[in-house]
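Here are the chains, one letter per residue:
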Amino acid sequence: MTSRPLDRLLRPQTIAVFGGREARRVIEQCDRMGFSGKIWPVHPKLDEVLGRRCYRSLSDLPSAPDAAFVGVNRTLTVEIVRSLSRAGAGGAVCYASGFSEATAELADGAELQQALLEAAGDMPILGPNCYGLINGLDGALLWPDQHGMKRIECGVAILTQSSNIALNLTMQTRGLPIAYVVTAGNQAQTSLADVACALINDQRITAVGLHVEGFGDLSGLERLAAIARRSKKPVVVLKVGRSEQAKHAAVSHTASLAGSDAVADAVLARLGIGRVQSLPAFLETLKLLHVAGPLPSHSISSMSCSGGEASLMADAAVGRNVEFPALEPQQLPRLRRVLGEMVALSNPLDYHTFVWGDFERQTEAFTAMFEGGCALNLVVLDFPRGDRCDAAEWAMTADAVIAAATATGALAGLLATLPENMPEPIAERLMANGIVAFSGIDEAIIAAEVAAGIGKVWDRPPPLPLLDVPSMDGEIETLTEADAKTELAACGLPVPRGLQAFSPSEAAEQAERLGFPVVLKGLGIAHKTEAGAVALNLRDSEAVLNAAAKMPSNGGYLIEKMVDPPVAELIVGASRDPVFGLSLTLGAGGIFVELLEDSVILPLPATKADIRAAISRLKIAKLISGYRGQPKGDLEAAVDAVAYTAEYVVKNAVRLEELDLNPLMVLPEGRGVAAVDALIRRRRQPN
């Protein structure tokens, strides 16, 4: 976080503009939006710009500006930023490109960015390589282009690294009130999280949306989540980087790492920050959060005058964490009286057209539906084309929704299945009356899922601070399985009783000491099964001797007691993400790792409640619970074992690079678990 607050930059009373064409455009946009503060053009040759006196240099200005738009070449940008910082300016937008985002093309890009940071000192800067910001609340812009925003009294803030995406989002016609748009370019100094934290404190901001190409500051993300929860202003993120192509684009475009998508999902969910995967879902979710904030549950009701629309609604919920609960008994008589005998009363509900064009009956039907206790109540309605059709009866239906929502106090949304069928004036009127004007069925369902997810996290105590320990330098070593198990056993993890041997004959002797049946493994082999370095269920010394003689090894043998057949097998792993550090992966283990693709990510540190909840989300949890009459697994022992593993990871976070338990065998209830294979890779201790 910069030393000087961002307030003057985000809400300036005086703006200085440096440069030619882009600087002139900034003034034009401020004038168009009715900025009431002072604008000071600075140019070495011009006498005036758009009727304003033009100053020759920064030193000629009446005072240090609250904000400055620096629209000059990259080298001169550094000089001007240095002068602004020394003069005590509130902050600057650095428009020029050619810094660390362009190191592949310009050898001095990273060096020049460092010079820019040193020049800025404790003065906030946005960029470089960004358009700047639009403050639609106060009409203050540091923005060198057209945009689609207008002055409003309250609304959402949208922040992005991409200036072009920011520009596109300002052009939305969906009725979303946008209070701020801020671009951060390559975030040389001020991150999106820094800006979001500053904007949330503005009472006129209702929710925040981040379009993120890469996270660079984990602590900033945690700080944002905490402030959002405390302020009751939810945050939703659209993070790119799911595909390899997107990851590459993020690195080359913004000089930031995209990180692991699965880990990002888990971290955001833990922090109570919603995530979406598309720009339409991003905007629709922001609409819902603007009107209602987080939802208290995942329950939805839906009404439409078409069975086809009701089916589309039901299908859209498949695979999503939302539900259409059955209608409450007290709703049925009233709905039957209003809608008639031919309507099948269900949720989603096809109410036919019997009440169409009748404001009183529509209002009563919607009121009855809204009284079912659902967190969100949707009415599907696509408006006709205004240039060819009469929309009077559709407007009447919208009025009935408003009336029913007012009467019941329930949260309602009017949903057009196609975005073009929700006219912007209608959407704005609905939003002003507390009705969410949704565009698109899938997007509305996603919005409800995200808002309910945030609400669920906010209902729980705040999460533990994330493990944020950088890896030490040094050569990576891989422990033998025997050594790895010794370390993990010292932390409490149950492992099979085992002994080491350095020759086939010694292996047979050690097996006698353990008692049969035993497992024989060749040490120092990375993939034992594929290499033929594992022999199971050996029942006498001769079998051990023969198996060891044929088995490859690189440091001897490990002989262990054979574990009884398990109820289920888990994999427990830890890996280091370049952005988010170490996290734990839980999943179906053994042969099911690739077959089922059944896993969840657990950010660290983790409580036993976190671990239990994570296991419950696995498909294989059904086996542990006793699938189709089979014995139950020892769930509590599995939770304890994962907790011991998590504790080991946290304690060894500086050196640890990778840990893998596969499988962790879950035995029948009351008989515990056993980690039958273990891998640890870590940095060597410096001499």
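Structural data are supplied above this passage.
Below or above, wherever it landed, is the structure these notes cover. (Residues numbered from 1 in each chain as written. Predicted model: local features only at pLDDT ≥ 70, side-chain atom pairs only at ≥ 80, totals over all residues. Heavy atoms only, no water.)

As for the sheet that holds strand 13 (residues 235-239)
Here is step 1: The strand order 9-8-11-10-12-13-14 describes an open sheet built from seven strands, whose pairing is mixed. Lying at the two open borders of the sheet, with one neighbouring strand each, are strand 9 (140-142) and strand 14 (274-276). With direction set aside, neighbouring strand axes in the sheet form an average angle of 15°.
Here is step 2: Relative to strand 12 (residues 205-212), strand 10 (residues 155-160) runs parallel, the two sharing five bridges. Residue pairing in the sheet places A157 in a bridge with V208 of strand 12. (Pairing = 2+ DSSP bridges. Helix = DSSP H or I, 4+ residues; strand = E, 2+ residues; numbered from the N terminus. Axes fitted to C-alpha atoms, helices over the stretch in contact; angles between N-to-C directions.)

Some words on a negative patch on the surface
Here is step 1: Taken together, the side chains of E509, E512, D540 and E542 present a region of like negative charge at the surface.
Here is step 2: For D540, a relative accessible area of 38% gives the class partly exposed. (Patch = residues over 30% accessible without salt bridge, like charges linked within 9 Å, V, L, I, M, F, W, Y side chains within 5 Å. Areas by Shrake-Rupley, 256 points an atom, 1.4 Å probe, with all protein chains shown as cover. Salt bridge = Lys/Arg side-chain N within 4 Å of Asp/Glu carboxyl O. Lys, Arg positive; Asp, Glu negative; His and termini not counted. Charge placed at Lys NZ, Arg CZ, Asp CG, Glu CD. Buried < 20%, exposed > 50% of the residue type's maximum accessible area, 1.4 Å probe, protein only.)

Re the pairing of strand 17 (residues 376-380)
The side chains of a regular strand alternate between the sheet's two faces.
Here is step 1: Of all five residues in strand 17, five are buried, a share of seventy percent or more.
Here is step 2: Burial along strand 17 is two-sided: the residues L376, L378 and V380 and N377 and V379 are all buried.
Here is step 3: For strand 15 (residues 300-304) and strand 17, the ladder comprises four bridges, and the chain directions are parallel. The partner of S301 across the bridge, within strand 17, is N377.
Here is step 4: Direction of pairing for strand 17 relative to strand 18 (residues 412-416): parallel, over a ladder of four bridges. Bridged to L378 within strand 18 is G413.

A few points about the packing of aromatic side chains
Here is step 1: Scanning the model with the defined rule gives six aromatic pairs in all.
Here is step 2: Relative to Y95, the ring of F69 has its centre 5.8 Å away and its plane inclined at 45°; by these criteria the two rings are tilted. With F69 in strand 5 (residues 67-71) and Y95 in the loop between strand 6 (92-94) and helix 4 (109-120), the pair connects residues that are 26 residues apart, well separated along the chain.
Here is step 3: A residue is classified by how much of its surface remains accessible, and F69, at 0% relative accessible area, is buried. (Phe/Tyr/Trp six-rings, centres within 6.5 Å; stacked < 30°, edge-to-face > 60°.)

As for the pattern of salt bridges
Here is step 1: Counted according to the given criterion, the structure contains 41 salt bridges.
Here is step 2: For the salt bridge of E477 with R682, the shortest nitrogen-to-oxygen distance reads 3.1 Å. Separated by 205 residues along the polypeptide, E477 in strand 20 (residues 476-478) and R682 in strand 30 (residues 678-683) bring together distant segments of the chain.
Here is step 3: Under the relative-accessibility criterion, E477 is labelled buried at 14%.
Here is step 4: The exposure class of R682 is buried, given its relative accessible area of 12%.
Here is step 5: Across the pair R681 and E658 runs a salt bridge, and its minimum N-O distance is 3.2 Å.

This is a description of form; function is not addressed.
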